[in-house]
Amino acid sequence: MFNNIGPLGLLLIAVVVLVLFGRGKISSLMGEVGKGITSFKRGIKEGQAEIENVAADTARDVTPEAETPKDKV
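In this report, we go over the structure that sits alongside the text.

Let's shift gears to the overall build of the protein. Per the secondary structure count, the protein includes two helices and zero strands. Put simply, the protein shows about 7,400 Å² of open surface, and 64% of that area lies on carbon and sulfur atoms.

What follows is about helix α1 (residues 7–21). Every α-helical turn comprises 3.6 residues, leaving residues that sit three or four positions apart pointing alike. Helix length check: α1, at 15 residues, gives a terminal C-alpha distance of 21 Å against a target of 21 Å (1.5 Å per residue), a fit within 8%. Burial of α1 is sparse: only zero of the 15 residues sit out of reach of the surface.

On the surface, I5, L10, L12, I13, V16, V17, L20 and F21 cluster together to form a nonpolar patch covering roughly 760 Å² of accessible area. Look at V17 and you get partly exposed, because its relative accessible area is 33%.

Between side chains of opposite charge, pairing is possible as soon as their charged atoms come close. All told, the structure shown has one salt bridge when counted by the stated rule. With a closest N to O distance of 3.8 Å, K35 and E32 form a salt bridge. One end of the pair is K35 and the other is E32, both in helix α2 (residues 23–60) and three residues apart, which spans about a single turn.

Reading the values: rules and limits
Per chain, residue numbering runs from 1 following the sequence as it is written. Where totals are concerned, whole chains, interfaces and linings use all residues; where local detail is concerned, this predicted model gives features only for residues with pLDDT of at least 70, and gives and counts side-chain atom pairs only at 80 or more. Remark: hydrogens and water are excluded; side-chain values derive from all non-hydrogen atoms of the structure. Only DSSP runs of H or I reaching four residues or more are called helices, and only runs of E reaching two or more are called strands; each is numbered from the N terminus. The Shrake-Rupley method, run with a 1.4 Å probe sphere, supplies the accessible areas, and residue values consider only the shown protein chains as cover. Given a helix with a known number of residues, its expected span is that number minus one, times 1.5 Å. Burial status follows relative accessibility: with a 1.4 Å probe on protein chains alone, a residue under 20% of its type maximum counts as buried, one over 50% as exposed, and anything between as partly exposed. Each patch is assembled from residues with relative accessible area greater than 30% and no salt bridge, linking like charges that lie within 9 Å and nonpolar side chains (Val, Leu, Ile, Met, Phe, Trp, Tyr) that lie within 5 Å. Within this document, salt bridges are pairs made up of a side-chain nitrogen of Lys or Arg and a carboxyl oxygen of Asp or Glu, the two lying within 4 Å of each other.

This is the structure we're talking about:
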């Protein structure tokens, strides 16, 4: 569908968007997109750290506990 859009078509779309929204609105929108990307990356990093912590805790629990000698009756 978009295979026929060349550099001239992209330039025309950019000019139309700039005229419709204005430079200030577009720059603030791009700032919000940047904040969203940063927040997404931070969430991914925290999720990976949480998964690694759970895996590390599980790995520590694998070792069997030492058995205590039973008292003879």
